[in-house]
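So the chains spell out like this:
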Amino acid sequence: MIKPFFLFITALIASISVMGQNRDSLIRELSLAVSDAEKARLSLSISRTYQRVDSIYFYSSQALELTDSTQEPFRYAQILEELSIVEYRKLNYFKAIEFQHRAMALNRKVGSKVGQAKNVSRIATCYFSMRQLETAKYWQFKAIEFCKNSDDPFLICDAYLGLGNIYNLLEEVDSSITYYSLAVEVAEMSKKKKHIGLAGVALGNLAGLYMKFNKDFTKGIEFAKRAIEIGEILDQKSNIITSLNILGQAYLESGRDDEAIAVFERAIKLNTDVNLNSLTHTYNNLGVVYQKRGNYEKALRYLLLALEKIPDGHRNHLFLMTTIGEIYTSRGDRDSALFYLESIENLIDTTTVFDEKASIYFALARTHEKGNNHSRANEYLHKSIVARDSAFVRENAEILQEAYAKYKTRQQKDSTTIARAETQIATKEAIIQKNWKQFYIVAIILLLILLGSLYKNYVTYKADQKIIEQENKRLTMENGAVIENLKTLEGLIQSLEFLNITAILINDQKVLLGDIIYLKAEDKTVKVYTKIGTIRHLGNLKGFLTKLPEAIFVQTHKSYIANITEIKSQSAQRLVMSNEDEVR
C-alpha cells in the first residue's frame with residue numbers, strides 16, 4: 001500500500017513533537033500573558049501538545065485571531081499551515097488547500113523559499129489524497145521546482161517520493177521507478193538521518209512496485225530488506241512494520257508461506273503503539289496466508305482480531321468485513337457470511353467513494369454467486385456497474401462544458417465580425433456624407449458625374465447590407481443549431497443515466513432498461529432480447545410502448561421495438577443490433 005507523502009506525515013509528527021512540555025504550565029503562562037503576540041505564541045505551542053484535532057483547531061484558531069498578518073506574516077503562515085494539517089486530518093481537503101494557498105502567499109511576501117516549497121508540496125498531497133492525480137502531478141512538479149530553489153535535500157527527496165506515488169497509482173511503472181530511485185539517490189547522498197529515512201520509504205515503495213507490476217519478487221525482497229535495515233538503523237518502528245508487511249507479501253507471492261508468516265508475526269510484535277493501518281494490514285496478510293492454505297479457522301482468527309482493533313468508521317472496516325464474509329462463504333457457513341455482507345451494505349453511505357462502492361458491490365455479487373443465489377448476485381453486479389458508470393457521467397459533463405466553451409468562443413468571434421461590418425458601414429456612410437458636401441459645391445456640369453458616383457456607392461451599400469443580413473441569419477441559425485445540439489447532448493446523458501438505474505418488471509423479473517437490446521412480437525407473445533439472455537412474455541408490443549422511454553426505444557416495424565443506443569449499423573431495409581441480430 002502506498003504511504004501518503006512523507007512530508008505531510010512529518011508535518012503531522014512535528015505538530016505534536018512538543019508533547020513532552022508541560023501543557024499545564026503553558027496554559028498558566030497563557031492566562032498571565034498580556035500582549036497579543038505572546039498569547040498567540042503560547043496558543044500555537046499549546047496546540048502542538050495535543051493529538052486530538054478539535055483541541056489543535058481550538059488553540060490554532062485562537063492564535064490566528066491574535067496574530068496580525070501584516071506585522072507577523074511568518075507566524076501567521078505557520079498558524080495557517082497548522083490549521084491546514086487539522087483540516088487534512090479531518091478529510092476537509094479543499095479547506096486544507098485554501099489554508100496552504102494563504103500561507104504560500106505570506107511566505108512569498110517574506111521571501112521564504114522553504115515555506116513556499118512546503119506549501120506547494122502539501123497542496124499536492126491534498127489532491128493526491130482526493131485521487132485527483134493529474135492535478136496532484138501538476139502541483140508536485142511545481143513542488144520540485146520550489147524545492148530545488150530552496151536547496152533543501154529533504155524537500156527535494158520528498159517531492160521525488162510524491163511523484164513516484166502519483167505515477168504508481170497511475171500505473172505508469174517506469175516513471176514511478178525513476179522518481180523513487182531519484183528519491184533514494186538524493187537521500188543516500190545527503191547521509192542525514194531524516195533523509196535516509198525517506199530512502200527507506202522509497203525503497204519500500206519500490207519493493208511493492210516490482211512485486212505488483214513486474215512480478216519480480218526477488219527485487220521486491222531485496223528492496224524490502226534494505227528498507228527494514230534503514231528503519232532499524234534509525235529506529236523508525238512504523239517504517240520497519242510497513243517494510244515487514246511488504247517483505248511478507250513478497251514471500252507470500254513467491255510461495256514462501258512459512259517465511260511470510262514469521263515476518264508478519266514479527267510486525268505484530270513490533271506494533272506496540274497500535275498503528276491501526278499497519279496492524280490491520282498485518283492481520284489481514286496473515287488471514288490471507290491461512291486462507292490460501294485452506295486453514296479458515298486461523299484466517300478468521302486474525303481477520304476478526306483486525307476487525308476488533310479498528311473503529312466502525314475506519315476505511316479498512318468495510319474491506320475486512322467483505323473478506324470475512326467471503327471466507328465464511330468458502331467454509332459453507334452461509335448465515336455468518338450473510339451477516340457480515342449485509343452489514344456492509346448498511347454501512348455504505350453517501351461518503352463512500354464510487355470506486356469503493358463498486359468494489360464492495362462486486363465482492364457481494366461474487367459471494368452470492370458462490371452461494372448459487374444468482375438473482376442477488378445480478379442485483380449487486382448491476383449496483384457495481386452503476387457505481388463505476390459515475391466516471392462516464394463525469395466524462396460527459398466535461399464534454400458538455402467543452403462544447404459550451406466552444407459555443408461562447410464562436411459567439412465572441414461572431415460579435416467581432418458583426419462589429420467590424422458595422423464599422424465598415426459607418427466608415428462608408430461618413431465617406432458618402434463627405435462626398436455629398438464636396439459634390440454640392442461642384443458645378444452643374446459635374447452633377448451627372450456626382451449622381452453616378454452616388455448611385456454607385458448606394459448600390460455598393462445595399463449589396464453590403466444584404467450580405468450582412470444574410471450573414472446574420474446564417475450565424476443565428478448556426479447558434480441555434482449549437483444550442484439544440486447541447487440540449488440534445490444533455491438529454492442523451494440524462495437518458496443514459498436513466499437507462500442504467502431504471503428497471504421494469506417482465507414476468508416478475510427486474511430488467512434494467514439499459515440491458516434491453518430490442519423486442520420482437522411473435523404470435524401472441526413478445527420476445528425481449530437483453531444483454532444477458534432472452535425473455536418470452538405473453539402480451540403485445542403496445543403494452544411495452546407505454547413503459548419504455550420513447551426517446552430511446554423506437555418502433556421500427558409493427559413487429560419490432562429497437563433500443564437506438566444498441567444499433568450497431570443500418571441499411572435501407574435492416575438494422576444490425578449490438579448482439580449482431582438483424583431488425584426490420
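Above this text sits the structure in question.
Read on for an overview of the structure. The residue numbers shown here count from 1 along each chain, following its written sequence. Since the coordinates come from a predicted model, pLDDT governs what is reported: local features require at least 70, and pairs of side-chain atoms require 80 or more to be given and counted, while whole-chain, interface and lining totals use all residues. As a rule here, side-chain values come from all non-hydrogen atoms in the structure, and water together with hydrogens is ignored.

Our focus in this paragraph is the overall build of the protein chain. Counting its secondary structure elements, the protein chain contains 23 helices and 10 strands. Each residue gets one of three labels from its accessible area relative to the maximum for its type: buried under 20%, exposed over 50%, partly exposed in between, using a 1.4 Å probe on protein chains only. Residues counted as buried form 42% of the 584 residues belonging to the protein chain. Considering only contacts in the protein chain between residues 6 or more positions apart, those separated by 24 or more positions represent 53%. Numbering of helices and strands runs from the N terminus, with a helix taken as a DSSP run of H or I at least four residues long and a strand as a DSSP run of E at least two residues long. Residue contacts are defined here by distance: any two heavy atoms, one from each residue, within 4.5 Å place the two residues in contact.

Let us now look at the packing of helix α12 (residues 217–234) against helix α13 (residues 237–253). Where α12 contacts α13, the axes come no closer than 9 Å and their chain directions differ by 160°. If you check the angle between α12 and α13, you find them roughly antiparallel. Seen from above, α12 lies across α13 with left-handed handedness. Contacts between α12 and α13 pair Phe-217, Ile-221, Ala-224, Lys-225, Ala-227, Ile-228, Gly-231 and Glu-232 from the former with Ile-240, Ser-243, Leu-244, Ile-246, Leu-247, Ala-250, Tyr-251 and Glu-253 from the latter. Lines fitted to the C-alpha atoms define the axes, with helices restricted to the stretch that makes contact. Angles between their N-to-C directions range from 0 to 180 degrees. Angles below 35 degrees are treated as roughly parallel, those above 145 as roughly antiparallel, those between 65 and 115 as roughly perpendicular, and all remaining angles as oblique. It is the rotation of the near helix from the far one that decides the hand of a crossing: anticlockwise by less than a right angle makes it left-handed, clockwise makes it right-handed.

Moving on: the sheet that holds strand β6 (residues 553–557). Note: strands within a sheet are paired through backbone hydrogen bonds, in either parallel or antiparallel orientation. Pairing between two strands requires that DSSP report at least two bridges joining them. A sheet is described by the order of its strands in space; here 5 strands give the open sequence β5-β4-β3-β7-β6, paired in antiparallel fashion. At either margin of the open sheet sits one strand with a lone partner, and together these are β5 (533–538) and β6. Neighbouring strand axes in the sheet, compared pairwise and without regard to direction, differ in orientation by 20° on average. The pairing of strand β3 (residues 516–522) with strand β4 (residues 525–530) spans 6 bridges and is classified as antiparallel. Note on β4: the bridge partner recorded for Glu-522 is Thr-525.

Backbone geometry places Arg-131, a non-glycine residue, at a positive phi of 60°. Note that Arg-131 resides in the loop between α7 (113–129) and α8 (133–150). Since its relative accessible area comes to 48%, Arg-131 is described here as partly exposed. The phi torsion at Asp-523 lies on the positive side, around 55°, for a residue other than glycine. Inspection of the secondary structure puts Asp-523 in the loop between β3 and β4.

Further remarks concern helix α16 (residues 296–309). In this model α16 runs 20 Å from its N-terminal to its C-terminal C-alpha over 14 residues, within 8% of the 20 Å that 1.5 Å per residue would give. Within α16, the full set of buried residues consists of Ala-299, Leu-300, Tyr-302, Leu-303, Ala-306 and Leu-307. All buried residues of α16 lie within an arc of 165° about the axis, which places them on one face of the element. Expected span, for any helix, means 1.5 Å times one less than how many residues it has. Directions drawn from the helix axis to the C-beta atoms are what define this arc.

Our focus in this paragraph is the sheet that holds strand β9 (residues 575–577). The 3 strands are arranged β8-β9-β10 in an open sheet whose pairing can be described as antiparallel. One side of each edge strand has no neighbouring strand; the edge strands of this open sheet are β8 (567–570) and β10 (582–583).

Burial of the side chains of strand β1 (residues 503–506) is restricted to one face: Ile-504 and Ile-506 are buried, whereas none of Ala-503 and Leu-505 on the reverse face is. When β1 meets strand β2 (residues 509–512), the two strands line up antiparallel, connected through 4 bridges. Across the sheet, the residue bridging to Ile-506 is Gln-509, located in β2. The antiparallel pairing of β1 with β2 creates a hairpin that spans 2 residues between the two strands, and Asn-507 there sits at a positive phi of about 55°.

So yeah, pure geometry; function would need other evidence.
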